[in-house]
Amino acid sequence: MVGQRAGVWRIADPRGETLAVVLMLPILLAIAIWNRFPIIYYDTGAYLVQGIGGAFLEERSPVYSLFLAVAGGAWSLWLVVIAQAAITAFVMVETARAMAPRLTVPVFLVIGAGLVILTGMAWYVGQVEPDCFTAIVALAFYLLIFHGPSLTRGRRIALFLIASFAIAAHPSHLVLSAGLIASALIYKSAASRGSKQWPAARVLMPTLSLALGIVLIVAANFGFTRQIFISRAGPVFIFSRLVQDGIVMRLLEDTCPQSGYRLCAYKDELPRTADQWLWDADTPFKKMQGFEGTNAESQRIIFDSLRRYPMMHLRTALADTWRQFELFHTGDQVEPQEWVLYPVFMRIIPAQAPAYMSARQQKGEFDFSGWNWLHIRAGWIAIVGLAALILFAAITTRRREAVFLTFIMLALWGNAAVCGALSNPHDRYQSRIVWLAPFALALMAVQGRRFALREPVESGT
C-alpha cells in the first residue's frame, strides 16, 4: 500500500504522469492568470479574423487559425491557452519520464515553476499565438527519434499527432523540423560506423509527422482558397530580410532599369528595416498590393541576387543567425494593442472584448525591465552550461546525455538560423525556445551523481 501511494508521486507511474500534467497547467498559465486574460500579440487579430471570421490571410498559418476555432476560441480564448498548456505540460512530462524516470511530481513542478520565473516560457504558453509550439517540435522529435521503442503505443501516437500539428502551426516549424530530421540522419549514418553504444536513431515517425504537417497546411489552404500550395508568404518574408541587409538595394542599383523589376520605380523609397517594408502604411510593399502583388517579383529578386551575390547572402545569413541566437528578451511587442485589435474583438468575438480591455496588458501594467534582467542572465548561463555539459558528456563517454543535450543545442541554433536568415531577427523568435536549455540542465541535475539517461520501463498504459 505504501509503495502504491509512493507511485502516485513518481512521473514514471501513469498516475504520477497524469497528476504532473494536471498540476502543471496553472503553473504554465500563471502569467495569463495574473494578466486576467490570455496574452495577446498583434498577430492574434489576424488569426482570429482567419480562423473564426473565415477570411484567408496569406501571411498567417491557416492551421493555427483553425485551431482557435476548434479549441473554442469563439467562446473563450482561455480554452485556447489551456489547450496549449496541456500540450506543453504533456510533452514536458514525457521528456522528463524519458530523461529522468526517477523524478517525482513535486520536483517536476518545481522545475516548471523555475522555468516560469527564469524564462519567457509562460508568456508564450499563455499567449494566443503559435510561438509556444516551437519548443514542442524539438522535444517531440527528440522523443520520437531516440525513445520511440520505450514509449507505449498511445504515447507515441500522441507525440506524433502533437508534432504534426506543431509543425503545421507556423511556417518556421516546417524548416526547423526538416533540419532536425536531417541532423538525425547524419547522426544515424555516423553512429552506424562507430560504437554500438550510441543511442539508436529512428527517423520514420518524425518524417511521417513532417509529411502530415505539410498535408494539414495544404488542406487548410485548400479549404480557404480551393488552391493547392504550402505558402504564398514565404518568399516575401525572405525578401524583407534582404531589404534590411541591403541586398535588394544593391541589386536594384546594379540592374535597374534594364532588369525590368517593378521595384525599380520605388528604388529611392526602400525602407531600412524588414518590419518597415512589411508593416508601415506607405511603403512600396503596400503600393504593389502587398503579399499577393509582390510574391512573384520577390521570388525573382531572391534568385537573381543569389546568383549575383552568393557570398553577400552567406555573410548576412550567418550574421543574422548569430544575431537571432543572442536575441531573447521577453515581452517583444507585448504591449497595449487595443488601438489595433479592439475593433477585431468587437467584430469577431464581442463578448470577450470587455475582459480583453480590462486585462493588465491593455492597461499598460507590464514592465519587462525586471523580467529581462533575470531572463537574459538565466538564458546565457543555461546556454553556456548546456555547451559545457555537452563537452563533459562527450569526454566522459556518456553518450545518451551527449545526444540529448546536443539535440537541444541544435534546436536552439536551428531556430536561430530559420528565423534570423529566412525572416529577420526578433527577440520573440528565440525567447520562445530558449527555455529548453535550462529545462535540459534541470533534468540532468535531478539525476544526481548517477546522471545516466536510462530508458524508463513503462509502468502501465
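The text that follows walks through the structure, step by step, so that each part is easy to find. As the structure is a computational prediction, the values presented were derived from the model and not from experiment. Sequence order as written defines the numbering, with residues in each chain counted from 1. In keeping with the predicted nature of the model, local features appear solely for residues at pLDDT of at least 70, side-chain atom pairs appear and are counted solely at 80 or more, and the whole-chain, interface and lining totals rest on all residues. To obtain the side-chain values, all non-hydrogen atoms of the structure were included, while hydrogens and water were left out.

## What to know about the overall build of the chain
Part 1 of the reasoning: Looking only at helices and strands, the chain has 24 helices and zero strands in total.
Part 2 of the reasoning: This radius of gyration counts C-alpha atoms alone. The globule rule is 2.2 Å times how many residues there are, raised to the power 0.38. Over its C-alpha trace the chain gives a radius of gyration of 23 Å, about what one expects of a compact globule, namely 23 Å for 461 residues.
Part 3 of the reasoning: In terms of principal-axis extent, the alpha carbons of the chain reach across some 80 × 60 × 45 Å.
Part 4 of the reasoning: A simple rule labels every residue: compare its accessible area, found with a 1.4 Å probe on the protein chains alone, to the largest value its type can have, and call it buried under 20%, exposed over 50%, or partly exposed in between. Here the chain holds 461 residues, and the buried ones make up 57% of them.
Part 5 of the reasoning: If you take every contact in the chain between residues at least 6 apart in sequence, the share linking residues at least 24 apart comes to 77%.
Part 6 of the reasoning: Accessible surface, the chain: about 19,200 Å² in total, of which carbon and sulfur atoms supply 65%. Secondary structure is summarised from DSSP: a helix means a run of H or I of at least four residues, a strand means a run of E of at least two, and numbering begins at the N terminus for each. The contact definition used throughout considers only heavy atoms, calling two residues in contact when any of these lie within 4.5 Å. For every accessible area listed, the method is Shrake-Rupley and the probe measures 1.4 Å; residues are considered covered only by the protein chains on display.

## Focus on the pattern of salt bridges
Two side chains bearing opposite charge may form a pair once their charged atoms approach each other closely.
Part 1 of the reasoning: Any Lys or Arg side-chain nitrogen found within 4 Å of a carboxyl oxygen on Asp or Glu counts as a salt bridge. Applying the stated criterion to the full structure yields 21 salt bridges.
Part 2 of the reasoning: Glu94 is the salt-bridge partner of Arg97, the closest N and O atoms lying 3.7 Å from each other. You can see Arg97 and its partner Glu94 sitting in helix α6 (residues 77–99), three residues apart, about one turn around the helix. Like Glu94, Arg97 is buried.
Part 3 of the reasoning: It is possible to trace a salt-bridge network through shared partners that takes in Asp43, Arg60, Glu129, Asp131, Arg428 and Arg432.

## Some remarks on the packing of α6 against helix α9 (residues 133–146)
Part 1 of the reasoning: Packing of α6 against α9 leaves a shortest axis separation of 10 Å and a crossing angle of 35°. Handedness of the crossing formed by α6 with α9: left-handed. The segment α6 lies against α9, with Gln84, Ile87, Thr88, Val91, Glu94, Thr95, Ala98 and Met99 engaging Phe133, Ile136, Leu139, Ala140, Tyr142 and Leu143.
Part 2 of the reasoning: Classification convention: Asp, Glu, Lys, Arg as charged; Ala, Val, Leu, Ile, Met, Phe, Trp, Tyr, Cys, Pro as nonpolar; all other residues, Gly among them, as polar. A breakdown of the residues in the contact of α6 with α9 according to their chemical character gives ten nonpolar, three polar and one charged. Only the stretch in contact is used when a helix axis is fitted, and all axes are lines through C-alpha atoms; the angle between N-to-C directions ranges over 0 to 180 degrees. In this scheme the crossing of two helices becomes right-handed for a clockwise turn of the near helix relative to the far one and left-handed for an anticlockwise turn of less than a right angle.

## Some words on helix α11 (residues 171–192)
Part 1 of the reasoning: By this rule, a helix spans an expected 1.5 Å times one less than how many residues it contains. For α11, which comprises 22 residues, the first-to-last C-alpha distance of 32 Å matches the rise-based estimate of 32 Å (1.5 Å per residue) to within 8%.
Part 2 of the reasoning: Among the residues making up α11, those that are buried are Ser172, His173, Leu174, Leu176, Ser177, Leu180, Ile181, Ala184, Tyr187 and Ala191.
Part 3 of the reasoning: In this fold, the buried residues of α11 make contact with α9, α10 (153–168), α12 (204–225) and α22 (399–422).

## Quick look at the packing of aromatic side chains
Part 1 of the reasoning: Each Phe, Tyr or Trp ring (for Trp, its six-membered ring) is paired with any other whose centre lies within 6.5 Å, and the angle between the two planes then decides the class: stacked below 30 degrees, edge-to-face above 60, tilted in between. On inspection of all chains with the given rule, the structure shows 36 aromatic pairs.
Part 2 of the reasoning: On the basis of an interplanar angle of 65° and a centroid distance of 6.1 Å, the ring pair of Phe37 and Tyr356 is categorised as edge-to-face. On the criterion of sequence distance, the pair formed by Phe37 in the loop between α3 (30–35) and α4 (44–51) and Tyr356 in helix α20 (residues 353–358) is long-range, its members being 319 residues apart.
Part 3 of the reasoning: Here Phe37 falls in the buried class, since its relative accessible area comes to 3%.
Part 4 of the reasoning: Taken together, the ring pairs connect Tyr142, Phe146, Tyr187, Trp198, Phe404 and Phe407 into an aromatic cluster.

## Remarks on the nonpolar core
One broad trend across soluble globular proteins is that nonpolar side chains are buried collectively.
Part 1 of the reasoning: The nonpolar core is taken to be a set of buried Ala, Val, Leu, Ile, Met, Phe, Trp, Tyr and Cys residues, with the residues joined through side-chain atoms within 4.5 Å. Membership of the largest hydrophobic core comes to 119 residues, with the highest contact counts inside it found for Tyr64, Phe108 and Phe345.
Part 2 of the reasoning: Apart from the residues lying within four places of it in its own chain, the contact partners of Tyr64 are Tyr47, Val80, Gln84, Gln127, Val128, Glu129, Pro130, Phe133, Phe165 and Ala169.
Part 3 of the reasoning: Core analysis: the second largest hydrophobic core is formed by 24 residues, Leu251, Leu252, Leu263 and Tyr309 among them.

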